[in-house]
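Survey of secondary and tertiary structure
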Amino acid sequence: MALNRMERNRGLVIFYGLLVWALFLLVMLVKVQIVDYSHNIFKVRLQSKRVFESHPKRGTIYDRNGQILAISVEAFSAFLSNRNPEQTEHVFELLTHSLVLSSDQRKDIWKRIRKGDRFIWVKRKLTDKEYDCLTKLQTRENAREILGFWKEHKRIYPQGETAAHILGGVGIDEQGLEGIEFALDHDISGQGGQMEALLDARKQVFHFEYIKPHIPGKDVYLTIDTAIQFFVERALNKTLKALSAKGGSVVVMDSQNGDLLAMASAPSYRPGNLGGESRNHVKNRAVSLLYDPGSTFKLVTASAALEDNVCYPQQVFDCANGELKYRGQVIIDHKPFSNLTFEEVLIYSSNIGAAKIAFLLGREKFYRAISSFGFGRKTGLPLPAEERGLLHPVQRWSDVSTAFLAFGYEILVTPIQMTQAFNILACGGFLVPPRLVSRVGNTDAMLPIATRIISDSTCSRMVSIFQDVVTKGTGKKASIAGLDVAGKTGTAKKVVNGKYSRNYMSSFGGFFPAGDPRVTIYVVIDDPQDIYYGGDVAAPLFREIAESVMVYLKVFPQSIGSSEIRI
Amino acid sequence: MKKSAKELGVIFLSVLVIFLLLALYLNLNLSSINYGYQLQRLSNERDSVREEIDQLLARKASLLNLQRVEDVVVGQLNYQYPQGDQYIKVVVE
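These numbers were taken from a predicted model, which means no experiment stands behind them.

As a further point, take the overall build of chain B. What chain B contains, in helices and strands, is 2 helices and 1 strand. For chain B, the N- to C-terminal ordering of α and β elements is α-α-β. Its C-alpha radius of gyration of 37 Å places chain B more than 25% over the 12 Å reference for a compact globule of 93 residues. The dimensions of chain B, computed from C-alpha atoms along their principal axes, are 120 × 40 × 15 Å. When each of the 93 residues of chain B is scored for burial, the buried share is 14%. If you sum the accessible surface of chain B, you get close to 7,400 Å²; carbon and sulfur atoms cover 63% of it. Seen as two clouds, the 10 positive and the 10 negative side-chain charges of chain B have centres 22 Å apart.

Bringing the nonpolar core into the picture now. Side chains of nonpolar character tend, in soluble globular proteins, to be buried together. Among the nonpolar cores identified, the biggest contains 55 residues, and A:F342, A:F366, A:I370, A:F373, A:F375, A:L425 and A:F466 are the most heavily contacted of them. When sequence neighbours within four positions are dropped, the list of residues in contact with A:I370 reads A:F297, A:V300, A:F375, A:L391, A:W397, A:L405 and A:I411.

Taken together, the 38 residues of chain B in the interface contact 42 residues of chain A. Summing both sides of the interface, chain B and chain A together bury roughly 3,800 Å²; the carbon and sulfur share of this comes to 66%. Sorting the residues of chain B by area buried against chain A places B:Y37, B:L66 and B:K89 first, and these three jointly supply 17% of that buried surface. Between chain B and chain A we count 3 salt bridges in total. At the junction of chain B with chain A, the criterion picks out 7 residue pairs in polar contact (both at pLDDT 80 or more). Sorting the residues of the side of chain B that touches chain A by element identifies α1 (2–63), α2 (66–76) and β1 (89–91) of chain B as the ones contributing at least two each. Element by element, the count of residues in the side of chain B that touches chain A is highest for α1(B), at 23 residues. Class assignment for the residues of the side of chain B that touches chain A results in 24 nonpolar, 8 polar and 6 charged.

Take the pairing of strand β8 (residues 193–199) of chain A next. All names here are of chain A. Taking burial as the measure, the 7 residues of β8 include 6 buried ones, the bulk of the element. Summarising the sheet, strand β1 (residues 49–54) and β8 pair through 6 bridges and their orientation is antiparallel. Residue pairing across strands places K49 opposite L198, the latter belonging to β8. When β8 meets strand β9 (residues 205–212), the two strands line up antiparallel, connected through 6 bridges. Residue pairing across strands places A197 opposite F208, the latter belonging to β9. Following β8, the chain reverses through 5 residues before pairing antiparallel with β9; K203 in that reversal takes a positive phi of roughly 65°.

To continue, consider the sheet that holds strand β11 (residues 247–254) of chain A. Residue and element names in this part refer to chain A. Read from one edge to the other, the open sheet built from 5 strands follows the order β12-β11-β23-β22-β21, with strand pairing classed as antiparallel. Looking at strand neighbours, the two that pair on one side only are β12 (260–266) and β21 (486–496), the edges of this open sheet. Each adjacent strand pair in this sheet contributes to an overall mean axis angle of 10°, direction not counted. Inspection of the sheet shows β21 paired to strand β22 (residues 499–512) by 10 bridges, in the antiparallel sense. Each residue of the ladder has a partner; that of V496, found in β22, is K499.

Residue and element names in this part refer to chain A. If you walk through the whole model with that rule in mind, you get 23 aromatic pairs over all chains. Geometrically, the ring pair formed by Y131 and F149 is edge-to-face, given 5.1 Å between the ring centres and 80° between the ring planes. With Y131 in helix α5 (residues 128–140) and F149 in strand β5 (residues 147–156), this pair connects stretches of sequence that are 18 residues apart. Accessibility expressed as a relative area gives 24% for Y131, which makes it partly exposed. A cation over an aromatic ring shows up here: R124 above the ring of W121, its NZ or CZ 4.7 Å from the ring centre.

A cluster of nonpolar side chains, contributed by A:I565, A:I567, B:I88, B:V90 and B:V92, occupies part of the molecular surface with about 490 Å² of accessible area. Counting through the fold element by element, B:V92 comes out in the segment after β1. The exposure class assigned to B:V92 is exposed, which follows from its relative accessible area of 66%.

Another point: the sheet that holds β9(A). All names here are of chain A. Strand order in this open sheet of 3 strands is β1-β8-β9, and the pairing throughout is antiparallel. Strands with a single pairing partner mark the edges of an open sheet, and in this sheet they are β1 and β9. Here the average twist between neighbouring strands, direction ignored, is 25°. Strands in contact with helix α2 (residues 37–48) are β1, β8 and β9; relative to β1, the strand with the most contacts, it is inclined by about 55°.

Moving on, we come to helix α3 (residues 85–95) of chain A. Residues and elements named next belong to chain A. Taken residue by residue, α3 has T88, V91, F92 and L95 as its buried positions. Down the axis of α3, the smallest arc covering the buried residues is 100°, so these residues share one side. Looking at the buried residues of α3, the elements they touch are β3 (68–81), α4 (103–115), β4 (119–123), α5 and β5.

Further remarks concern the environment of B:V15. Summarising the element assignment, B:V15 is placed in helix α1. Along the sequence, B:V15 and B:S31 sit 16 residues apart, while their C-alpha atoms lie 24 Å from each other. With near-sequence residues (within four places) excluded, B:V15 lies in contact with A:L19, A:A22 and A:L23.

A separate point is the packing of helix α9 (residues 226–243) of chain A against α2(B). In the contact formed by α9(A) and α2(B), the axes pass within 10 Å of each other and the chain directions differ by 70°. Classified by the angle their axes make, α9(A) and α2(B) are roughly perpendicular. Contact residues: A:T226, A:A227, A:F230 and A:R234 in α9(A); B:L66, B:Q67 and B:E70 in α2(B).

Our next topic: unusual backbone geometry. All names here are of chain A. The amide bond that connects A266 to the next residue, P267, takes the cis arrangement and shows omega of 0°. Secondary-structure assignment places P267 in the loop between β12 and α10 (279–282). Residue F512 is joined to P513 through a cis peptide bond whose omega torsion reads -20°. The residue P513 is located in the loop between β22 and β23 (519–526) in this model. Even without a glycine there, the phi angle at K554 is positive, about 60°. Mapped onto the elements, K554 comes out in the loop between α19 (534–552) and β24 (564–566). By relative accessible area, K554 is classed as exposed at 58%.

What follows concerns the side chain of A:E174. All names here are of chain A. If you trace the backbone, E174 turns up in the loop between β6 (169–170) and β7 (176–178). No salt bridge is formed by the buried E174. Its closest oppositely charged neighbour is K125, at 4.1 Å. One polar contact links E174 to S72, side chain to side chain, over a distance of 3.2 Å. Within the structure, the side chain of E174 is placed 3.1 Å from the backbone nitrogen of R155, a separation counted as a polar contact.

Residue placement: A:Q33 occurs in helix α1 (residues 5–35). A:Q33 sits in the buried class, given a relative accessible area of 13%. Considering only alpha carbons, one finds A:Q33 and A:S349, 316 residues apart in sequence, at a separation of 92 Å. Sequence-distant contacts of A:Q33, defined by excluding residues within four places in its chain, comprise B:Y25, B:L26 and B:N29.

What counts as what
- Once a new chain begins, its residue numbering starts again from 1 and follows that chain's sequence as written.
- Think of it this way: whatever chain is written first is A, whatever ligand is written first is 1, and the rest follow in order.
- Given that this is a predicted model, residues contribute local features only at a pLDDT of at least 70 and side-chain atom pairs are listed and counted only at 80 or more, while totals for whole chains, interfaces and linings are drawn from all residues.
- As a convention, hydrogens and water are excluded, and side-chain values are obtained from all of the structure's heavy atoms.
- Counting from the N terminus, the helices are the DSSP runs of H or I reaching at least four residues and the strands are the DSSP runs of E reaching at least two.
- Radius of gyration: over C-alpha atoms. The globule rule applied is 2.2 Å multiplied by the number of residues raised to the 0.38 power.
- Here's how the labels work: a residue is buried when its accessible area is under 20% of the maximum for its type, exposed when over 50%, partly exposed in between, all with a 1.4 Å probe on protein chains only.
- Surface accessibility follows the Shrake-Rupley procedure with a 1.4 Å probe radius. Residue values consider only the protein chains on display as shielding.
- Counting rule applied: Lys, Arg positive; Asp, Glu negative; His and chain ends not counted.
- Working definition for charges: the position is that of NZ of Lys, CZ of Arg, CG of Asp or CD of Glu.
- We define a nonpolar core as any set of buried Ala, Val, Leu, Ile, Met, Phe, Trp, Tyr and Cys residues linked to one another through side-chain atoms lying within 4.5 Å.
- By definition in these notes, contact holds between two residues if any of their heavy atoms fall within 4.5 Å.
- Summed over both partners, the accessible area (1.4 Å probe) lost when two parts come together is defined as the buried area.
- Within this document, salt bridges are pairs made up of a side-chain nitrogen of Lys or Arg and a carboxyl oxygen of Asp or Glu, the two lying within 4 Å of each other.
- Polar contact is defined as a pair of N or O atoms within 3.5 Å, subject to the rule that within protein one atom must be able to donate a hydrogen and the other to accept it, and that residues adjacent in sequence are counted only when both atoms are side-chain atoms.
- Residue classes follow a fixed rule: Ala, Val, Leu, Ile, Met, Phe, Trp, Tyr, Cys and Pro count as nonpolar, while Asp, Glu, Lys and Arg count as charged, and any other residue, Gly among them, counts as polar.
- At least two bridges found by DSSP between two strands are what make those strands a pair.
- Axis definition: a line fitted to C-alpha atoms, limited for helices to the stretch in contact. Angles are taken between N-to-C directions and run from 0 to 180 degrees.
- Pairing of aromatic rings covers Phe, Tyr and Trp, the last through its six-membered ring, and needs centres within 6.5 Å; plane angles under 30 degrees mean stacked, over 60 mean edge-to-face, and all others mean tilted.
- Only when the NZ of Lys or the CZ of Arg is both within 6 Å of the ring centre and within 35 degrees of the ring normal is a charge said to sit over the ring.
- Like-charged residues are merged into a patch within 9 Å and nonpolar side chains (Val, Leu, Ile, Met, Phe, Trp, Tyr) within 5 Å, provided each residue has over 30% relative accessible area and no salt bridge.
- It is the directions from the helix axis to the C-beta atoms that the arc portrays.
- For this classification, under 35 degrees means roughly parallel, over 145 means roughly antiparallel, 65 to 115 means roughly perpendicular, and everything else is oblique.

See below:
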């Protein structure tokens with residue numbers, strides 16, 4: 001059917017009209033999508049772009065067996081957006097029924113609402129129950145504009161007080177304040193990033209990119225064994241309670257590689273409640289308690305004397321029947337001894353005998369020996385409170401310093417330094433610095449470098465003498481049936497107001513099995529009441545801990561008599 | 001007239017092709033936005049799964065707290081710590 005001219009023209013007009021429309025659309029699309037693309041994107045970003053700061057989660061702290069010691073989880077904090085004080089007051093009044101706040105906190109919030117502060121924290125890091133209650137309240141009262149929640153992280157210490165002094169604790173903003181949390185804060189906390197996000201009209205993110213990359217916190221693996229730490233803390237607390245002692249510390253170390261298996265201090269605290277604790281509880285005594293070590297220090301005197309061949313094990317010393325006047329000072333023994341051999345001086349812990357050994361050694365050699373055993377300097381543990389102790393240079397020694405240093409006075413040490421010194425005997429004469437952190441993130445910590453301090457023969461001789469201390473000397477209460485234990489007791493007067501007082505520090509250091517040591521333990525009790533000799537106070541605690549550790553690590557006695565079955 | 005209709009057809013087809021190409025380009029752009037939403041949703045999901053894992057690990061660690069285990073075992077189940085004479089060494093010859 002032929003179209004007439006009129007119809008054809010009409011068709012052409014419609015066609016051209018559509019063509020122009022399509023071309024217009026095309027041109028506009030090209031303009032919007034290609035020519036003005038950058039400009040349009042800039043405008044979109046201006047309207048919908050938001051920059052978010054991302055706060056990384058702290059890394060988790062594990063023990064040597066992968067048991068979690070500290071972990072961060074999400075928690076919400078509640079705040080008030082105070083645009084209309086009357087409405088805010090009403091909401092706050094309601095939420096106080098669901099939230100436990102102290103009267104001071106309440107007063108402060110009321111004051112801030114009335115003052116017209118726009119942003120007011122109600123409570124940081126709510127518990128799950130509190131958060132549920134408040135979200136219900138928010139919905140019920142339609143208070144979304146007034147009551148808000150901010151997502152944060154909360155540090156949890158699932159083991160409670162266990163290893164509190166090692167872990168330390170964090171502040172309200174998750175910053176490390178004490179212990180490993182503080183010392184390795186840079187690694188554990190990671191680094192916050194910045195994220196640029198594009199939001200649509202419903203405030204939903206449809207595009208995001210990192211402006212500054214977010215570095216998550218690294219996980220930290222400690223050498224501590226939670227089970228041993230638990231045994232140790234329980235036994236220590238029991239002893240402190242029984243003796244009404246002021247405090248105490250126990251260090252348990254793997255004799256061969258210096259790994260710390262436990263490091264306990266008492267009194268203790270809950271790391272999750274660091275802010276509310278007194279400094280006395282937070283103090284990590286294992287690394288920061290400074291005291292005169294007393295007779296445990298004879299370890300250094302005797303080892304140095306044997307190493308320098310200034311005396312021999314059977315050499316006899318006149319112990320002056322328990323009292324020796326020396327340059328205006330009096331040296332006394334805990335009981336009178338006449339003549340004692342070198343070995344007996346250690347076994348029965350004669351101060352006079354030890355002083356005479358030190359005289360043979362001479363002050364220069366003695367100072368060098370003390371220093372080589374690691375005294376007067378930090379062991380290098382990554383703990384912020386570690387003390388270096390106090391060892392005067394030999395030029396500042398008085399006339400009687402050599403004598404008093406021989407049995408552990410005129411020097412200040414820390415329990416960790418004493419553990420390190422005892423471990424020299426357990427490790428065949430090598431000083432192995434203690435190690436607390438085995439891995440940070442994916443990087444294994446460096447193994448400590450062992451340094452030979454005394455020869456094999458000196459070491460064997462000293463171990464044999466220290467075994468006798470436990471079997472027939474002052475350390476009998478540390479003995480374990482069927483197991484060779486080597487150790488030394490110590491009892492030292494405490495300095496109070498610059499003078500030696502009638503308060504004591506009782507200690508015992510030792511290791512087992514003496515033939516092939518696996519565990520070194522050092523115990524110190526601060527100011528026990530009624531009884532105070534290291535052999536009566538610290539040695540039994542050493543035995544209790546050693547027995548638990550022995551079973552746990554399967555270090556069984558060589559023979560346990562009738563309780564032995566042969567199959 | 002016949003030639004002119006053919007030319008018009010070519011122009012129309014060209015415009016249509018360009019139009020389709022632009023529509024395709026637009027579609028790709030819209031898809032990328034859609035993928036942005038999906039990516040964000042999956043990223044949130046991943047974060048919440050990670051968080052849930054951490055919450056569960058924290059819960060598990062709290063349940064394995066040795067003090068708690070001891071309280072249950074000694075306090076509720078009346079177990080006792082073995083005494084010295086209860087250790088028996090088994091020697092396999």
